[in-house]
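# Observations on chain architecture
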Amino acid sequence: MEAGRFCHRRKKGHAYVSTDLMVMLERLSAAYGPQGWWPLPTLAGIDGRNRVGYRAAPSMPVPSDAINASQARFEIAVGAVLAQNTAWTGATKAILALHHAGFLSPGVLAGIDETLLGNTIHAAGTFKIKARYLKALATAWPAFEFEQPTRTQLLTIQGIGYETADCILLYCFGQPVFIGDAYARRILLRTGFFSSQQSYESTRRAAALLLPLDATYLAEAHALIDEHGKRCCRAKPLCKACPLTRYCLDARC
DNA sequence: CGCCAGGCAACAC
DNA sequence: GTGTTGCATGGC
């Protein structure tokens, strides 16, 4: 995929077809540009420079042959936990604090005192719980250096639910998963893909059928959907600035 | 001030 | 399997 462009065709037989959902995502990409969620440069590689606002490239999985792939995967997984129900700015402060404290490796993190860990990540909110989650993640993580985790394995780790598990599979390990999060559910409902509220799981499965089975594509799709949810498709939608009004069935648009 | 932010576990039913 | 609640900081 070209930087700054989000265009993909789902192959069907010998022809290439574009689903309505893909057309919608291309429109979001044109409106918002490349999102650059993950992987960002590893913290070690950028010497503490704040990663907030890094938007030069599309989001994509960690390449398996990347020099710092192992470190990048762990940082992403830690970030996914820290970002739960929290603004990304707070999660970023917390991950930088972990980096500066020298805690950002599975071996170190697994052994840190939980109260100290909580104090270090306090900017991410719900910090006592997240300290416990991060220790569970760090303890389980070394096994995944040799063999990629399954979804079921990830879900057994305290603090990893459906969405975090799928984000780890997608952004860390390049598995093509659609993230059926709250934004995706809201947007797909308002644009008429669903006629009623759907669960995380049914959204994940249904949307995947409409999109390329391509991790790079799905990585940027998730970022675009969340950006649209934050900017326009809020609980109280800001339809005036919405790039999808012509697709939207919601009465308020 | 209230609402929301790149959710999850525990529990009830 | 669905619905509710506590967790907690920071930005607007």
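The structure this text deals with has already been given above.
Residues numbered from 1 in each chain as written. Chains lettered and ligands numbered in written order. Predicted model: local features only at pLDDT ≥ 70, side-chain atom pairs only at ≥ 80, totals over all residues. Heavy atoms only, no water.

### As for helix α7 (residues 127-140)
- For α7, with 14 residues, the first-to-last C-alpha span of 20 Å sits near the 20 Å given by 1.5 Å per residue.
- When α7 is considered as a whole, its buried residues turn out to be K130, A131, L134, K135, L137 and A138. Looking down the long axis of α7, one finds its buried residues gathered within 160 degrees of arc, a one-sided arrangement. The exposed set on the far side of α7, more than 90 degrees from its buried face, consists of K128 and T139. (Helix = DSSP H or I, 4+ residues; strand = E, 2+ residues; numbered from the N terminus. Expected span 1.5 Å × (residues − 1). Buried < 20%, exposed > 50% of the residue type's maximum accessible area, 1.4 Å probe, protein only. Arc of directions from axis to C-beta.)

### Brief notes about unusual backbone geometry
- Unusually for a residue other than glycine, N85 sits at a positive phi of about 50 degrees.
- By the secondary structure assignment, N85 is in the loop between α3 (69-82) and α4 (88-101).
- Not every positive phi belongs to a glycine, and T126 is a case in point at roughly 40 degrees.
- As for its position among the elements, T126 is in the loop between α6 (114-120) and α7.

### Some remarks on the protein's contact with DNA strand C
- Around DNA strand C sit N85, K93, H122, A123, G125, T126, F127, K128, I129 and S199, and that is every residue in its neighbourhood.
- Atoms of DNA strand C within 4 Å of the protein: sugar and phosphate make up 71%, bases the balance.
- Between I129 and DNA strand C, the recorded distance is 3.3 Å, taken from a backbone N or O atom to a phosphate oxygen.
- Looking at which element gives the most residues to the surface near DNA strand C, the answer is α7, with three residues.
- Each residue belonging to the surface near DNA strand C can be placed in one class, and the counts come to three nonpolar, five polar and two charged. (Near = heavy atom within 4 Å. Polar contact = N/O pair within 3.5 Å; in protein donor to acceptor, adjacent residues only side chain to side chain. Nonpolar A, V, L, I, M, F, W, Y, C, P; charged D, E, K, R; others polar.)

### So, the side chain of T19
- Among the structural elements, T19 can be located in the loop between β2 (15-17) and α1 (20-32).
- You can call T19 buried: its relative accessible area is 15%.
- Within the structure, T19 has its side chain in polar contact with the backbone oxygen of L210 (distance 2.7 Å).

### Digging into the environment of L109
- Within the fold, L109 resides in helix α5 (residues 106-111).
- Note on L109: relative accessible area 0%, which makes it buried.
- Considered as a pair, L109 and T139 are 30 residues apart in the sequence and their alpha carbons are 8.2 Å apart.
- Discounting residues that sit within four places of it in the chain, L109 has contacts with F74, V78, L98, F103, L117, L134, K135 and A138. (Contact = heavy atoms within 4.5 Å.)

### Considerations on helix α9 (residues 162-172)
- Of all the eleven residues making up α9, nine are buried; the element is thus mostly covered by neighbouring parts of the structure.
- Looking at α9, one finds that the buried residues are T164, A165, D166, C167, I168, L169, L170, Y171 and C172.

### A short note on the packing of helix α10 (residues 182-190) against helix α12 (residues 215-231)
- In the contact formed by α10 and α12, the axes pass within 9 Å of each other and the chain directions differ by 75 degrees. By the angle class used here, α10 and α12 are roughly perpendicular. Note on element contacts: α12 touches α10 through I225, D226, H228, G229 and K230, opposite Y183, A184, R186 and I187.
- A class-by-class count of the residues in the contact of α10 with α12 yields four nonpolar, two polar and three charged. (Axes fitted to C-alpha atoms, helices over the stretch in contact; angles between N-to-C directions. Parallel < 35°, antiparallel > 145°, perpendicular 65-115°, else oblique.)

### Focus on the protein's contact with DNA strand B
- By nearness alone, 21 residues border DNA strand B, and W38, N85, T164, Y183 and K230 come closest of all.
- When the atoms of DNA strand B within 4 Å of the protein are sorted by group, sugar and phosphate make up 64%.
- Between DNA strand B and N85 there is a distance of 2.7 Å, counted from a phosphate oxygen to a backbone nitrogen or oxygen.
- With respect to DNA strand B, the backbone of E163 contributes an N or O atom lying 3.4 Å from a phosphate oxygen.
- Elements with a contribution of two residues or more to the surface near DNA strand B: α9 and α12.
- Counting residues per element, the surface near DNA strand B draws most heavily on α9, at three residues.
- Of the residues belonging to the surface near DNA strand B, the class tally is eleven nonpolar, seven polar and three charged.

### Digging into the pattern of salt bridges
- Overall, the coordinates contain five salt bridges when judged by the stated rule.
- Here E201 ties to R205 by a salt bridge, and the two come within 3.7 Å at their closest N and O atoms. Here R205 and E201 lie together in helix α11 (residues 200-208), a separation of four residues that amounts to about one turn.
- Take E201: its relative accessible area is 14%, and that puts it in the buried class.
- Where salt bridges share partners, they join R151, D166, E201, R204 and R205 into one cluster. (Salt bridge = Lys/Arg side-chain N within 4 Å of Asp/Glu carboxyl O.)

Geometry only, nothing functional implied.
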